[in-house]
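What the coordinates show
Given next are the chains, with one letter for each unit.
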Amino acid sequence: MKLEDLLAKSRPREKLTAHLAATLDGAIALRRRVGTVPVLDEATGGRFWAAVCLAGLCHDAGKVPDGFQAMLKGHTKSWGERHEIVSLGFLPALLEDEELLMWTATGVATHHRSLEGGRGPLQPLYGHASEAEWRDRLQPLPQDAALELAEWLLDLAQRSRLPVGHVPPRVLDVIGEARQLFDRLCQWWEMPASGHRGLAAVLLQGAVTLADHVSSAHGVLHLHQPLNDSFRPHLEDVLAGKGHRLRPHQGDAADSKGHLLLRAPTGSGKTEAGLLWAAAQATEMSSRTGGIPHVFLTLPYLASINAMALRLGRLLKNDDLVGVMHSRAASFHLAQAVCPDDEEERHAEAARKAVSRAAATRLFRETVRVGTPYQILRGVLAGPTHSSLLIDAANSIFVLDELHAYDPRRLGYILATAHLWERLGGRVAVLSATLPDALAQAFRDALDATIHLVEADTDGMRTRHRLRLRAGHLTGQEAIEEIRQRLADNEAVLVVANNVADAQHLFAELAPSVAEEAAFLLHSRFRRMDRSALEEAIGRRFGTGLDRRPGLVVATQVVEVSLDVDFDCLFTSAAPLEALLQRFGRVNRIAARPPAEVIIHPATFAPRRTGGADVADGVYERVPVELAWDILSRHDGEPVDEAHARVWLNEVYESDWGLQWRAEVEHHRHVFADAFLTFAHPFVSRDDLAELFDELFDGTEAVLDQDRDKYEADLTSIDGDRKAGRLLAERYLIPMPYWAAPMSTWEKKLGIRVLNAEYHHRSGLGRIQGPAAQTYQAGEVL
C-alpha cells in the first residue's frame, strides 16, 4: 500500500494527507484568530501554538494500520483499536525538543478520548499492555507507506515553519515508538498539574479537537470582527439617520479600556453602549495579541437571545456574522427561513440550511455570538467534547446582560468563570438597568483587574412611569374589569403574571375584549413553531418606534429581558424589585408619552405542594417580594424617577436577606472555582457532571401525544438527511424543566419524551392527562 492510497475518512472518501493538511490549516487559522495568550505561553515555555499545529498535522497519522484502512474501505465493520495511539509513533522522528514532544503528544493522544474516565479511556486500554500485545493489536501496518508519511509530515512541517528536525527517518518502528511515548505521557500527567499547566493542557486538547472538526466538516473560521474601530462611526451614522446621536454614557463606554460595569435604564441605549465598549476592546486586544477577538453577548432567556441576534444582524447589516449559541439554535435559523404557509419542500430545504448554519456555529465560525452563559460555561467540563469551548473563549470579549436574572448558585458559577476568562486574556462587561451595589461588588470581587463604572445620567431623562398599587390579586375580578376598561379605551396593555396558570386564566378572561389578531399570550410552554410565530407577531404589533396600535399581551417572566416592545400601561403581579423594574421597562419605553401607569397587584403566598417555605405565586421567595412591595408602597401614586431604582435596590440588598444572598453567591463562586477551574487533573473525564449542568442551566423537551405521528413523519421526511429531518420535527417540541420529566413517558424508538396533555396554539400547554394528572395542576410547569 502506498501513501496516496491511505484514507482518513470513508464518507465521503478523503485521503489521509488531505485531511492532515486541512487540519494543520485549521490549527494555523485558529492560532491567527486567538493570538498570543500569556498564561498558555507561560505554562508551555512558548510552545503552545507550535504544539497545537504539530498535533493537528499528526493527529490522524495513526490511521495507517491495515485494520483501520480495511474498516474505512468497507472490508470489515470495526477495527477495535484507537488510531490516536498509533499516531504517537510518528512524533519522536519529527521533534528534537523534549518539552515540545510531550505537549504535541498530549494534543494527539487526547483529541478523541480522555486518559482516565469517560467513554473508552486510553490508559486502561493500553497502559498495562505489554509490547507484544501492542504489536499484536495494532499491527500490521504498511511500513513503506508509514516511512513515506513520516517524510511527508516532516516536509509539510518545515514548509509551515514549525520547529521540527531536518532529516527524515530511514527506519521507523511506529508501534514501538508509540508505546514508549504513551508510557512517558501517562507518567507526565500522573501527578496533579500545577500553575497554569493543567489549563494549558485542556486548551491544547480543545484547539486540536476544534481544528480536526473544522477540517472534517470542510469548514472555515471567520477572521473578521465586525465590532472594530469602524463600528462607532457606523453606529453614529445609524443614529443620525433617526435624528439621534450618541449619549454620554455610550461615549464613556466606548472610551473605557478594561472590564466594565454599565448601569443604564431600559430604553437608554444600554445594548449599543455595550457594543461600543466591545468594539473598543476588540481593536485594542487585536493590536496587542495579534488575534481577532470574539465577542460573546449573553442573556438569560431564549426569547431575548433570538431577538438580540436578529437585532444585531440588522445593525451590522449581515446576520451571517452573528452566531446563536443555545440548545435550539438550529430551530431559530429554521424559524427565520420559513413561514407557516410555505410548502413542505421549502421547509425541507430550509431545514438543511438551518442544520448547516447551526453546525457552523458549533464549529465556532462566527466572531460575534449571542447565547446563554451556560453554553460557554460548559467548557469547564473539558475533555474532547467541551474543551474547544475554552480555547474559543481565550482572548475574547464578554458582554453579560441582566445578571440579576440568575439565582445565587448560577450567578456564583458565572462569576467564577468570568475570572477564568480574565486569566485567558478576556475582557468582561456587565450591563444592567437594575444593578444594585451588592451585585457590582460581587463582580469586582470575582476579577483581579480594575473595573470601570459607567452610569447613565438620569437627571435630564423624562419620567416614563407612574406607580400604582392595588389591593387585590391580579387574577381577581376587580383587576380584570380595570384591564378591560383600558382595552376598551384602545390602549396597548401589557399584563405580566408570575406563573403560567395565572397567565392562561387572565388571557381567557381578557382576550374576548379585543380582536383576535390583537390579543397574545406569551410564556415558555409553547411548541417551538408556535412560540416563534407569537414572538414575531408581538414584535410586528408592539415593537418600539412603530405606530401605536391597541391590543393585549399577557405574559410571564419571558417578557422581561431584551424584547424590544412598547406598551401604554402595565398590570403586573408583585415580584422581586429587579423583575418589576424590567417589566416597567416594556412600557413607555423611550419616554415618548407622558408618564404611563405601572399597576402592581400583591402576590399570594403559600408553600409549594411539595412543602417548604412560603413562595409568591408559586415562584419567588417570599422575602424579596415583600421587601419590594414595602418599598414601592411608600411611593404609591408617584412618578418613578430612574435614579430611584438604584436606591431602592440597595435597600433590598442591604437587608438581612440581601446579606444572605451575597454570602450564597460567594460560596457558590468559590465552590465552583475549586471544583472545576483548577484543572489539576486535566485528562480525567468530567462527563458525569454534564447532566448536572443540563439540569441547572437547561431543561428537557417533550412532544405532545397528538403530535407524535407528525413528529415521527418529519424525522424521515428528508431523504438522506436525518439531522435536517430531526430539526424539522423539533417544531413540535415543548420545553419543560428537568423536574417535570416524570410527567412524560420516554419513547426509545423516537428518542423523545411524549406528553399526554391538552394544548392550544394560542394558550399553550394545558392540563396533563393520564397518570401524571394526579401530581400536576394546569400551569404549574413554570
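Notes on the structure follow. (Residues numbered from 1 in each chain as written. Predicted model: local features only at pLDDT ≥ 70, side-chain atom pairs only at ≥ 80, totals over all residues. Heavy atoms only, no water.)

Thoughts on the sheet that holds strand 22 (residues 745-747)
Working definition: the strands of a sheet are paired by backbone hydrogen bonds and lie parallel or antiparallel to each other. In plain terms, the rule: For two strands to pair, DSSP has to find at least two bridges joining them. By the criteria applied, helices consist of DSSP H or I runs no shorter than four residues and strands consist of E runs no shorter than two, each listed in order from the N terminus. The axes used here are C-alpha line fits, helices contributing only the stretch in contact, and every angle between their N-to-C directions lies in the interval 0 to 180 degrees. Contacts between residues were defined by any pair of non-hydrogen atoms, one from each residue, lying within 4.5 Å.
A sheet is described by the order of its strands in space; here 4 strands give the open sequence 21-20-23-22, paired in mixed fashion. In the strand order of this sheet, the two ends are held by strand 21 (733-736) and strand 22, each with one partner. Between one strand axis and the next, the sheet turns by 45° as a mean value, whatever way the strands run. Taken together, the 4 bridges between strand 20 (residues 700-704) and strand 21 define a ladder with antiparallel strand orientation. By the bridge assignment for strand 21, Glu701 is matched with Pro735. Sheet strands in contact with helix 30 (residues 708-715) are strand 20, strand 21, strand 22 and strand 23 (752-755), and its direction is about 110° off that of strand 20.

Some thoughts on the pairing of strand 23
On a regular strand, each side chain points to the face opposite its neighbour's, so the side chains alternate between the two faces of the sheet. Where strand 20 and strand 23 come together, 3 bridges link them in parallel fashion. Considered in strand 23, the bridge of Leu704 is made with Leu755. With 3 bridges joining them, strand 22 and strand 23 adopt antiparallel strand pairing. Within strand 23, the residue paired with Thr745 across the bridge is Val754. Between strand 22 and strand 23, which pair antiparallel and follow one another directly, the connecting turn spans 4 residues, one of which, Gly751, has a positive phi of 65°.

Quick word on the nonpolar core
What counts is decided by this rule: What we call a nonpolar core is a set of buried Ala, Val, Leu, Ile, Met, Phe, Trp, Tyr and Cys residues that are connected through their side-chain atoms within 4.5 Å. Here's how the labels work: a residue is buried when its accessible area is under 20% of the maximum for its type, exposed when over 50%, partly exposed in between, all with a 1.4 Å probe on protein chains only.
Residues Phe90, Ile391 and Val495 are the most contacted members of the largest nonpolar core, which totals 204 residues. For Ile391, the contacting residues outside a window of four places in its chain are Leu30, Val34, Leu40, Phe48, Trp49, Leu203, Gly206, Ala207 and Leu210. Leu239, Ala254, Met308 and Leu316 belong to the second-largest nonpolar core, a separate cluster that totals 35 residues.

Side note on the environment of Leu704
With respect to the helices, strands and loops of the structure, Leu704 is situated in strand 20. The sequence separation of Leu704 and Asp566 amounts to 138 residues, and the corresponding C-alpha distance is 33 Å. Look past the residues within four positions of Leu704 in its chain and what remains in contact with it is Arg527, Ile734, Val754, Leu755, Ala757, Tyr759 and Leu765.

Focus: the sheet that holds strand 16 (residues 605-608)
Reading across the sheet, the 3 strands line up as 16-17-18 and stay open at both edges, with antiparallel pairing between neighbours. Whereas interior strands pair on both sides, the edge strands pair on one side only; in this sheet they are strand 16 and strand 18 (620-621). Taken together, the 4 bridges between strand 16 and strand 17 (residues 611-616) define a ladder with antiparallel strand orientation. Within strand 17, the position partnered with Pro607 by the bridge is Asp614.

So, the pattern of salt bridges
Which entries qualify depends on this criterion: Within this document, salt bridges are pairs made up of a side-chain nitrogen of Lys or Arg and a carboxyl oxygen of Asp or Glu, the two lying within 4 Å of each other.
As enumerated under the stated definition, the model contains 51 salt bridges in all. Salt-bridge contacts for Glu712 lead to Arg708; the nearest nitrogen and oxygen are separated by 2.8 Å. In this pair, Glu712 and Arg708 are both assigned in helix 30, 4 residues apart and thus about one turn of the helix distant. Residue Arg708 is classed as buried on the basis of its relative accessible area of 15%. Each of Arg708, Asp709, Glu712, Glu747 and Lys749 takes part in a single network of salt bridges with overlapping partners.

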